[in-house]
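Read off the chains here:
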Amino acid sequence: MKSEKILTIGTFDGVHIGHQKILKRVVALAQEEDLVPTVLTLFPHPRMVLQKDNSIKLLNTIDERIQLLKNLGIEEVIVKEFTKEFANLSAKDYVEHILVDELNTKQIVIGYDHHFGKNRSANIDDLKVFAEAFNFKVEEITAQEIEDVTVSSTKIRNALNNGHIEIANSYLGYNYFISGDVVKGKGIGRTLDYPTANIDIKESYKLIPRDGVYVVKSEIEGLTIYGMMNIGTNPTVDGKTRSIEVYFFDFDKDIYGETLRIEFLHWLRSEQKFENLEALKKQLSNDMTDALEHIKTINA
């Protein structure tokens with residue numbers, strides 16, 4: 001027999017502290033009821049499919065989202081491909097064929113404002129009617145409970161786009177991060193005595209915070225390594241394409257080809273064009289001083 005599930009449903013972009021409240025409730029109920037704590041999430045984002053909107057930027061790649069959910073105790077993450085066919089499913093077909101037949105759902109924990117089915121025409125009251133018909137329970141998360149944590153993925157995106165890293169991190173409940181492969185760059189950093197790791201992020205829908213210089217950290221070979229990162233076009237050397245480069249402090253190992261997770265800690269300054277490489281080098285020295293001061297305050 002398929003394992004019986006307790007389910008919550010949503011995009012969960014960011015898996016932020018508002019989401020975490022719901023997810024922790026699912027995990028706690030799963031233990032009480034001897035059910036498998038499960039998330040049903042959709043990918044790609046519906047706007048990418050229905051409106052062909054490729055400008056939407058998400059806080060997590062789908063792999064990052066799955067990992068964050070599992071870190072919170074969710075045992076199964078069901079990723080449903082969002083297609084036009086899926087969007088056209090009637091509410092009844094969706095509940096009967098996906099939630100009940102396919103997923104063996106016995107309980108659903110869901111927000112008061114949840115909508116589903118074709119044109120998002122069904123609501124929480126409809127779900128409760130289906131629950132009676134198909135023999136599962138619904139626990140409604142009230143407006144008050146959701147508003148207790150006034151967080152939204154949009155607020156976090158806005159904070160990141162404005163360099164307000166600490167605000168974004170407080171909403172997320174963890175440090176915002178990017179994951180990417182270390183690739184060869186132009187080698188300009190090395191000529192300035194600041195050799196950088198160039199980070200290549202494959203997923204174009206991943207939100208990259210605003211251009212500028214950041215204090216960051218990463219875990220490399222089991223060690224926490226701090227550094228400073230530049231996001232931008234390198235205007236001092238007439239760069240044209242946006243790049244992500246990290247200079248790690250007290251670190252000189254060859255990490256080409258490795259995949260790194262880099263966490264954002266603090267925004268230092270905007271990217272700017274300097275008169276020459278000497279002026280840029282002087283600024284990098286100042287940036288490093290500022291970054292090390294900030295790291296001291298974190299670890300104090």
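Before going into details, it helps to say that this report is about the structure given with it.

Cut-offs applied
- Numbering of residues begins from 1 in every chain and follows the order in which that chain's sequence is written.
- Since the coordinates come from a predicted model, pLDDT governs what is reported: local features require at least 70, and pairs of side-chain atoms require 80 or more to be given and counted, while whole-chain, interface and lining totals use all residues.
- Only heavy atoms go into the side-chain values, all of them from the structure, while hydrogens and water stay out.
- Pairing between two strands is assigned when DSSP locates at least 2 bridges connecting them.
- A run of H or I in DSSP becomes a helix once it reaches four residues, and a run of E becomes a strand once it reaches two; helices and strands are each numbered from the N terminus.
- Only the contacting stretch of a helix is used when fitting its axis, a line to C-alpha atoms as for every element, and angles between N-to-C directions run 0 to 180 degrees.
- We call two residues in contact when some of their heavy atoms are within 4.5 Å.
- Burial status follows relative accessibility: with a 1.4 Å probe on protein chains alone, a residue under 20% of its type maximum counts as buried, one over 50% as exposed, and anything between as partly exposed.
- Just so you know how the angles are binned, under 35 degrees is roughly parallel, over 145 roughly antiparallel, 65 to 115 roughly perpendicular, and the rest oblique.
- Helix crossings are classified by the rotation of the near helix relative to the far one: an anticlockwise turn of less than a right angle makes the crossing left-handed, while a clockwise turn makes it right-handed.
- Residues are grouped as follows: nonpolar covers Ala, Val, Leu, Ile, Met, Phe, Trp, Tyr, Cys and Pro; charged covers Asp, Glu, Lys and Arg; every other residue, Gly included, is treated as polar.

1. Some details on the sheet that holds strand β9 (residues 223-232)
- With antiparallel pairing, six strands are arranged side by side around a closed barrel as β6-β7-β10-β9-β8-β11. For this sheet, the mean inter-axis angle between neighbouring strands, taken without regard to orientation, is 45°.
- Looking at chain direction, strand β8 (residues 212-220) and strand β11 (residues 259-269) are connected through six bridges and run antiparallel. Note on β11: the bridge partner recorded for V215 is H266.
- In the packing of helix α11 (residues 277-299) onto the sheet, the strands contacted are β8, β9, β10 (243-248) and β11, and the crossing angle to β11 comes to about 100°.

2. Details of the environment of N119
- Tracing the sequence through the fold places N119 in the loop between β4 (105-111) and α6 (124-134).
- Given a relative accessible area of 68%, N119 falls into the exposed group.
- Separated by 28 residues in sequence, N119 and A91 place their C-alpha atoms 9.5 Å apart.

3. Regarding the packing of helix α5 (residues 91-102) against α6
- Packing of α5 against α6 brings their axes to within 11 Å, and their N-to-C directions diverge by 50°. Of the possible angle classes, the one that applies to α5 and α6 is oblique. For α5 against α6, the interelement crossing comes out right-handed. Contact with α5, carried on its side by A91, K92, V95, E96 and V100, involves L127, F130 and F134 of α6 and no other residues of that element.
- Taken together, the residues of the contact of α5 with α6 sort by class into six nonpolar, no polar and two charged.

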